[in-house]
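An overview of the molecular structure
Chain by chain, the residues run as shown.
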Amino acid sequence: MRVYYLLIMLLLLTALLMRGNQPKNKKYVFVACLLIFAVYGLRNTYWIGVDSRYSYRRAFESISQMSWAQFRSAGQEYNNAYYYLNWAIAHLGGDYQLFVSLEALFVTVCFGRMIYRYSPSAIQSICYHFGLLFFVFHFSALKQSYAMAFLMLAFDQIVHRKPVRFILLVLIASQFHYPSLVFLPAYWITMVRPGKSFLILLAIALLLTFIFRNRLLNLMLSAYKGADEEATMEGVTFLRTKSIIMIVIVVAAVVFRRPTADDPIYGYLMEFMGIAIVFQTFCGYSNIFERLADYYFQFSVIFIPMVFDRRQKQRALLSWRLMDVIYSVAPFVFCGYGIYRYLITFSGDYHFVPFKFFFEG
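To keep things clear, this report deals only with the structure shown in the data block. (Residues numbered from 1 in each chain as written. Predicted model: local features only at pLDDT ≥ 70, side-chain atom pairs only at ≥ 80, totals over all residues. Heavy atoms only, no water.)

**Concerning the overall build of the protein chain**
The test is simple: Each helix is a run of H or I in the DSSP string that is no shorter than four residues. Each strand is a run of E no shorter than two, and both are numbered from the N terminus. The cut-offs for exposure are 20% and 50% of the maximum accessible area for each residue type, with area from a 1.4 Å probe on protein chains only; residues under the lower value are buried, those over the upper are exposed, and the others partly exposed. Per-residue and other accessible areas follow the Shrake-Rupley method at a 1.4 Å probe size, with only the shown protein chains counted as cover for residues.
In terms of regular secondary structure, the protein chain is built from 19 helices and 0 strands. In the protein chain, which comprises 361 residues, the share counted as buried stands at 53%. Within the structure as shown, the protein chain displays about 16600 Å² of accessible surface, and the carbon and sulfur contribution to it stands at 66%.

Here's what the structure looks like:
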């Protein structure tokens, strides 16, 4: 556990010294992402992670033994870009350790870029990245992590209203993890302002998800190649708890910072939280629905700091004096809980402890 405690301590210390609570602090974001990559990207892939230690490694080693003709004839029904990348790195002389490190680098850079551009507090975003267990998730789910990183880039195209680039990036993401196509409607969903119209849209989405839940589940299972229903039902209690966390976040957003017409990015992210809740609601059928939810919910790491951005307190529903107290205390409480949740997740889990770097054998 020492490396995880050390990572947190270094991130908090550098945030204190380099004002990591300030928006667009390029130096702090760079240093923080370097520290995150040191643990995430330089881990020993024989020891750390779940799927990355087994199924992803077996796929890489199998592909590394194939000629180009054999690889092409084998064919891949889904996630073609991911497997092509496997083949390219393997046949350029790289090993699985290099493959995982490059994936970690790409994901970390996209995450750092996103919080630099949009988060009012980089250290808060990082704490939520840990506390909502996205960092843990990236240790194992390589295909999904690539897709989530491309969707971070696609979010820029929503902000700048570039639909062609948005569609292209989502399609690239889907070639790493097919179910990320669920993010494709996001561009047009954000054209609807948060309010009654959006609530109607959410109700329709909830109804459609309920009607087509079995088709969605079968599509996801196909993309996972061999996952079974029994395996996907593990941890449903945790997933329902996550639904409650999502709802609390949205309620807090409405109370502490109402979306307005001159605040479009905040409105977009609030809509994403609503869509995530719709998908997360169906985790009682299978936790595979969490994957759909996370393509939207991953943006909560920049949304939550926006909710508690002191500069926006005039948009709250409570008195200014009370808001001063809340804005002073809430980030510490939420970040502290996030760090605790992150550390307790690793504690005693043999997939993550004892931690080993790649050079430790």
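Following the structure, the description resumes.
**So, the pattern of salt bridges**
Selection rule: Just to be clear on terms, a salt bridge is a Lys or Arg side-chain nitrogen sitting within 4 Å of an Asp or Glu carboxyl oxygen.
This model, assessed by the stated rule, comprises 3 salt bridges. Note that Arg113 is salt-bridged to Asp156, the shortest N-O span being 2.3 Å. On the criterion of sequence distance, the pair formed by Arg113 in helix α6 (residues 96-118) and Asp156 in helix α9 (residues 142-159) is long-range, its members being 43 residues apart. In this structure, Asp156 engages Arg117 in a salt bridge whose closest nitrogen and oxygen atoms are separated by 3.4 Å. Of this pair, Asp156 sits in helix α9 while Arg117 sits in helix α6, placing them 39 residues apart in sequence. Residue Asp156 is classed as buried on the basis of its relative accessible area, which comes to 1%.

**Notes on the environment of Phe352**
Our working rule: The contact definition used throughout considers only heavy atoms, calling two residues in contact when any of these lie within 4.5 Å.
Here Phe352 shows up in the segment after α19 (320-346). The spatial distance from the C-alpha of Phe352 to the C-alpha of Met1 is 8.5 Å, given a sequence separation of 351 residues. Excluding residues that lie within four positions of it along the chain, Phe352 makes contacts with Tyr4, Ile48, Gly49, Val136, Phe139, Ser140 and Phe346.

**Examining the packing of aromatic side chains**
Quick reminder of the rule: Any Phe, Tyr or Trp ring, taking Trp's six-membered ring, that has another such ring centre within 6.5 Å forms a pair; planes under 30 degrees apart are called stacked, those over 60 apart edge-to-face, and the others tilted.
Using the criterion set out here, one finds 42 aromatic pairs in the structure. Note on Phe272 and Phe299: the rings are 5.5 Å apart at their centroids and 55 degrees apart in plane angle, and the pair reads as tilted. Placement of Phe272 in helix α16 (residues 264-281) and of Phe299 in the loop between α17 (288-297) and α18 (300-307) is noted, with a sequence separation of 27 residues between them. Ring geometry for Phe308 versus Phe334: centroids 5.2 Å apart, planes at 40 degrees, classification tilted. With Phe308 in the loop between α18 and α19 and Phe334 in helix α19, the pair connects residues that are 26 residues apart, well separated along the chain.

**Side note on the packing of α6 against α18**
Note the cut-off: To define axes, lines are fitted to C-alpha atoms, for helices over the stretch in contact only, and angles between the resulting N-to-C directions are given on a 0 to 180 degree scale. Should an angle lie under 35 degrees it is considered roughly parallel, over 145 roughly antiparallel, and from 65 to 115 roughly perpendicular; all remaining angles are considered oblique. Helix crossings get a hand from a simple test, with the near helix turned counterclockwise from the far one by less than a right angle marking a left-handed crossing and a clockwise turn marking a right-handed one. Ten residues, namely Ala, Val, Leu, Ile, Met, Phe, Trp, Tyr, Cys and Pro, are considered nonpolar, four, namely Asp, Glu, Lys and Arg, are considered charged, and the remaining ones, Gly among them, are considered polar.
Put simply, α6 and α18 touch, their axes get as near as 10 Å, and they point 20 degrees apart. Taken together, α6 and α18 sit at an angle that is classed as roughly parallel. Here the hand of the crossing between α6 and α18 comes out right-handed. Where α6 approaches α18, its residues Phe111, Met114, Ile115 and Tyr118 are matched on the opposing element by Val301, Ile302 and Met306. Considering only residue class, the contact of α6 with α18 consists of 7 nonpolar, no polar and no charged.

**Details of the nonpolar core**
For clarity, the threshold we go by: The definition of a nonpolar core used throughout is a set of buried Ala, Val, Leu, Ile, Met, Phe, Trp, Tyr and Cys residues joined through side-chain atoms within 4.5 Å.
Within the largest apolar cluster, 117 residues are counted, with the highest numbers of intra-cluster contacts made by Tyr4, Phe183, Phe272, Tyr296 and Tyr342. In terms of residue count, α9 provides more of this core than any other element does, 12 residues in total. Contact partners of Phe272, with chain neighbours within four places excluded, come to Phe155, Ile158, Phe183, Ala186, Thr190, Tyr296 and Phe299.

**Considerations on unusual backbone geometry**
The backbone of Lys24 sits at a positive phi, close to 55 degrees, despite the residue not being glycine. Among the structural elements, Lys24 can be located in the loop between α1 (2-18) and α2 (26-40). The phi angle at Leu133 is positive, at roughly 70 degrees, despite the residue not being glycine. Here Leu133 is to be found in the loop between α7 (122-131) and α8 (134-140).

**Here's the deal with the side chain of Ser180**
Tracing the sequence through the fold places Ser180 in the loop between α10 (163-174) and α11 (186-189). Discounting chain neighbours no more than four positions away, the residues touching Ser180 are Ala147, Leu151, Val170, Ala173, Ser174 and Tyr295.

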